[in-house]
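Read off the chains here:
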Amino acid sequence: VSVVFLGNGPSGICLSYLLSGYIPYFKRDSLHPHPILQKKLEETAGASILDQDLEYLSEGLEGRSHSPVALLFDTLQRPDTDFGGTAESVLTWWYEPDRAIPHLVLGRNAPGGAWHSIEGSMVTLSRGEWMGLPDLPFKDWLKQKRRGLRNNRATAEDIAQYYQHYVVRKGLQKNFRCGTVVTSVRKVSAESSSNQVQKDLQENRDSLWNLNEKSTEVFQVDGFFKTVKGDKEPFSVYAENVVLATGTYDSPTWLGVKGENLSYVHHQLSALEEAVKNNTIGIMSDPVLIVGAGLTAADAILFAHHCNIPVIHVFRRRVTDPGLIFNQLPKMMYPEYHKVHQMMKEQSAACAGPYECYVSLPEHHVLSFGKDKKCIFQDKNGYQKVYKISMALVLTGSNPNLSFLPNNGMDLVVDSGQPVNPKRNPIDVDPFTYECTQEKGLYALGPLAGDNFVRFVQGGALAVASSLLKKANKNPP
């Protein structure tokens, strides 16, 4: 095939749509609230967005993402959404099958990626309409289900279903292979790979890829399918381009302290839900320790609070730290997270506050977990405290797993001495093509490239599609 994507979450689905011949154009007679962008769009109204200069179009746009292309595609689809507006998209979509590029999307789960692994009743951080993919508004889909958005937000179950529905509705299923695990991606010379590959590429190239004859290196993607019976069937695919869109949900971050591998220490919120379901934890239990100050930790606190389970909450930052996510969320839209933040402020061990069953220990870190379920913490001045707990949840983020790449993908990131991290050390990509600066033909999307919200991963897909269409010479003159 021409292109293989690893990962079938929102990034992969959106890119599959764009590579299946669905081409976005500026809708004539529509008015964008950004006057300079409007003028640029009118200048080239006849050309599709994919064929235009994305750097020129996105110049001067501002918003909640560092990626110019993410801001561009977002504002074309949701022109004034940051100001609470509901202006319609200024894009119209044309189906041009002769511009489709053959591709294969490999994913472990059903289309939707990690959204299938999240507790279904969890409410999303982003507003519901921001979870939608091109040319099928999420709100319209919810209306068909005769449901509305609660406080403008959606549940994880709704979103997982919407992504599956999107793939079927847009006729993309033929490109998706679910139940696949990729174990290796490496560059090989087309000569050294089998004659069959040479033949495949030749056939494809004549019809599709007017590439120079020197392009003899291809990517070999190895892995296995999980069959219905539970067997593993190996496969190998050869592709001229590979898109990494595997997200960041793979491996939870560990603290790296003594006793962290004991059976009562967990790294996923689902462990608390299981324990409550099985009645192994309840109102009379010793407190549950929750480590971390992000939204997953907040979800765990809300869940425990709802079940009247006592909580000790430990985190390294100050409560007033501007980097703390709670200090960046509007109170009106996120009342429940605001409540957690209030508890963190008012309920420190130093002073008992109004909420029973919850103690916060800001600027503390865990020193060790004991076999007797006693846990030792240390504060910023070096003083230590010991608490007896029933279980611990370490919820301090997660990291992508790129073990299928040479050197775990560490040669591709901004700081090559460190592992890939969506916030601190993403894969180094060209901002207008999303092609890896260190490896031509390899692209990265979504959290791997530093785009962490569904709303903004789609611009990366636009950049990749634009780049691949140019490579394939499938752009109109």
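- For the protein, the name recorded in an unreviewed UniProt entry is Oxidative stress-induced growth inhibitor 1, with Pedionomus torquatus as its organism.
- In UniProt, the protein has this text filed under Cofactor (unreviewed entry): "NADPH".
- UniProt, in its Sequence similarities (unreviewed entry) section for the protein, records the words "Belongs to the OKL38 family."

1. A short note on the sheet that holds strand 10 (residues 232-239)
Reasoning step 1: The antiparallel open sheet is built from three strands, whose spatial order is 8-9-10. Taken across any chain shown, the strands that pair with only one partner, and hence form the sheet edges, are strand 8 (180-189) and strand 10. Across the sheet, the axes of successive neighbouring strands diverge by a mean angle of 20°, strand direction being ignored.
Reasoning step 2: Across nine bridges, strand 8 lies against strand 9 (residues 217-226) in antiparallel orientation. Directly across from Val188, in strand 9, lies its bridge partner Val218.

2. Examining the nonpolar core
Reasoning step 1: Core analysis: the biggest nonpolar cluster contains 89 residues, and Leu6, Leu15, Tyr163, Val185, Leu244 and Ile427 have the highest contact counts within it.
Reasoning step 2: Counting residues per element, this core draws most heavily on helix 11 (residues 454-471), at nine residues.
Reasoning step 3: Setting aside its immediate chain neighbours within four residues, Leu6 contacts Leu106, Val182, Val185, Val221, Val242, Val243, Leu244, Ala245, Thr246 and Phe404.

3. Some thoughts on the side chain of Ser184
Reasoning step 1: Inspection of the secondary structure assignment puts Ser184 in strand 8.
Reasoning step 2: Under the relative-accessibility criterion, Ser184 is labelled buried at 17%.
Reasoning step 3: Sequence-distant contacts of Ser184, defined by excluding residues within four places in its chain, comprise Gln220, Val221, Asp222 and Phe404.

Rules of the game
- Residues numbered from 1 in each chain as written.
- Predicted model: local features only at pLDDT ≥ 70, side-chain atom pairs only at ≥ 80, totals over all residues.
- Heavy atoms only, no water.
- UniProt positions renumbered as here; feature names shortened; annotations may be inferred.
- Pairing = 2+ DSSP bridges.
- Helix = DSSP H or I, 4+ residues; strand = E, 2+ residues; numbered from the N terminus.
- Axes fitted to C-alpha atoms, helices over the stretch in contact; angles between N-to-C directions.
- Core = buried A, V, L, I, M, F, W, Y, C linked by side-chain atoms within 4.5 Å.
- Buried < 20%, exposed > 50% of the residue type's maximum accessible area, 1.4 Å probe, protein only.
- Contact = heavy atoms within 4.5 Å.

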